[in-house]
Amino acid sequence: MLCLLGATAHAQQKTAKLETSSSSSLPDAPSPQVDVLGPAAQTPSAVGTASVAGTILDTSGAEIPGAQVSLTHRDGIPLHTLFSAAGGDFVFTKLPAGSYLVIVNAKGFASYTTAEFTLSPDQSYMVPSIALSVASATTEVTVRPTEVIAAEQIKAEEKQRFIGVIPNFYISYVHDPAPMTIKQKFSLASHDTFDPVSLIGVGLAAGIEQANDKYPGYGYGAAGYGKRFAAQFGDGRTSDFLSHAVFPSLFHQDPRYFYQGTGTIKSRLIHAASYAIITRGDNGKPMPNYSYFLGDIGSGAISNLYYPHADRGIGLVFTNAAIGIAGKAGGTIIREFFSKRITTNVPPSGTP
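What counts and how
- Residues numbered from 1 in each chain as written.
- Predicted model: local features only at pLDDT ≥ 70, side-chain atom pairs only at ≥ 80, totals over all residues.
- Heavy atoms only, no water.
- Helix = DSSP H or I, 4+ residues; strand = E, 2+ residues; numbered from the N terminus.
- Areas by Shrake-Rupley, 256 points an atom, 1.4 Å probe, with all protein chains shown as cover.
- Pairing = 2+ DSSP bridges.
- Buried < 20%, exposed > 50% of the residue type's maximum accessible area, 1.4 Å probe, protein only.
- Expected span 1.5 Å × (residues − 1).
- Contact = heavy atoms within 4.5 Å.
- Core = buried A, V, L, I, M, F, W, Y, C linked by side-chain atoms within 4.5 Å.
- Salt bridge = Lys/Arg side-chain N within 4 Å of Asp/Glu carboxyl O.

Caption draft 1: Molecular detail of the overall build of the protein chain. Counting secondary structure elements, the protein chain contains eight helices and 16 strands. When the accessible surface of the protein chain is split by element, carbon and sulfur atoms take 64% of a total near 20,500 Å².

See below:
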């Protein structure tokens, strides 16, 4: 048995030598590579021994608790997020070496991002003082041209009608509407004076005149009625255009009546009745109502061109002017006390 054991050991030693010899005789084989990850390539889940701490303050030096503090890698990959303590302090621990940024957000303050800093193993880094400034308030304001606002308000006024039929365009239920342009004044006058319902009113007035034998120089029958209709039509159109468009454009006056709607009956009555002599300028200030006075005088003067010769003269001018002014005063009183209840499409209170 001793001889057998010795022979076996000798054979194993010889085999080992042969393997060693064979291995040394082979060409050099490539050895496996081990990637050494740099700090920037480490994942957010990596655990290290460094730490980052700091304190969140405002510009006066007071601590800001509850601020959201985020630690990110230089490449923007988020790592940790926490909230500052009661004293405004924060700390991130067990961080691997690498380059980082700290981002701070707090309600009412502008966002803050630190400069990039690099941590080495076992380093305790203190972020330089972080002072948050108050966030600037941003208010979005939509500015529209005054002409556009006025056009929208006029469009709404052109839908206003007594009992849904008779035009009630020249009353503003908006206390402080946008001023009208010259073009808008003429446009509104055209819509009002040539409204089909207005023409029906002209026909009724001519019929009443004929029934009362007013202005006999026009004659009777269909011809007489036609002349009276034409005279009424001329009076109304010239008065409307002169007092609502021409003179308001020249004197920069607003041709609309402005509904008061509140206060005592006396104050509302005075407000309505005085509108024939006191109106509002395009600048919003009260001024004498030159437009109504001169418009009615001018309309009366023009009426001398087509009324019967026997009825022409200065008396016709002032008679028609007085009737026009009195009619406007009475009309504004009706508008102030009754129109809103029976007018359709009245805008809600406070509509701009």
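Back to the text.
Caption draft 2: Molecular detail of the sheet that holds strand S11 (residues 166-167). If you walk across this open sheet you meet the three strands as S11-S10-S16, and the pairing is antiparallel. What marks the edges here is a single partner per strand, and that holds for S11 and strand S16 (343-344). With two bridges joining them, strand S10 (residues 161-162) and S11 adopt antiparallel strand pairing. In the strand pairing of S11, Phe162 is matched with Ile166.

Caption draft 3: Region of interest: the environment of Gly284. Examined against the element boundaries, Gly284 turns out to sit in the loop between strand S14 (278-280) and strand S15 (286-288). Relative accessible area serves as the criterion here: at 42%, Gly284 is assigned to the partly exposed category. When the C-alpha positions of Gly284 and Gln253 are compared, they lie 8.9 Å apart, and in sequence the two are 31 residues distant.

Caption draft 4: Spatial organisation of helix H7 (residues 290-303). Under the 1.5 Å per step criterion, the end-to-end length of H7 is 20 Å for 14 residues, consistent within 8% with the ideal 20 Å. Among the residues of H7, Ser291, Tyr292, Gly295, Asp296, Ile297, Gly298, Ser299, Gly300 and Ser303 are the ones counted as buried. Against helix H5 (221-251) and helix H8 (314-342) lie the buried residues of H7.

Caption draft 5: Fine view of the nonpolar core. Counting 20 residues, the largest nonpolar core has Val52, Ile56, Leu71, Phe90, Leu95, Val102 and Val104 as its most contacted members. Put simply, the parts of the chain that give this core at least two residues each are strand S1 (50-58), strand S2 (68-73), strand S4 (89-95), strand S5 (98-105), strand S7 (117-119) and strand S9 (130-132). Contacts of Val104, omitting those with residues within four sequence positions, involve Ile56, Ala67, Gln68, Val69, Ser111, Tyr112, Ile130 and Leu132.

Caption draft 6: The pattern of salt bridges, seen in detail. Taken as a whole and assessed by the stated rule, the structure comprises six salt bridges. Between Arg161 and Asp195 there is a salt bridge, with its nearest N and O atoms 2.7 Å apart. With a gap of 34 residues between them, Arg161 in strand S10 and Asp195 in the loop between helix H3 (182-193) and helix H4 (196-211) connect regions that are remote in the sequence. For the pair formed by Arg161 and Asp195, the shared burial category is buried. Here Lys185 and Asp282 are joined by a salt bridge, their closest N and O atoms 3.0 Å apart. Of this pair, Lys185 sits in helix H3 while Asp282 is found in the loop between S14 and S15, placing the two residues 97 residues apart along the sequence. What makes Lys185 buried here is its relative accessible area of 1%. Connected through salt bridges with shared partners, the residues Glu157, Asp254 and Arg256 form a single ionic network.

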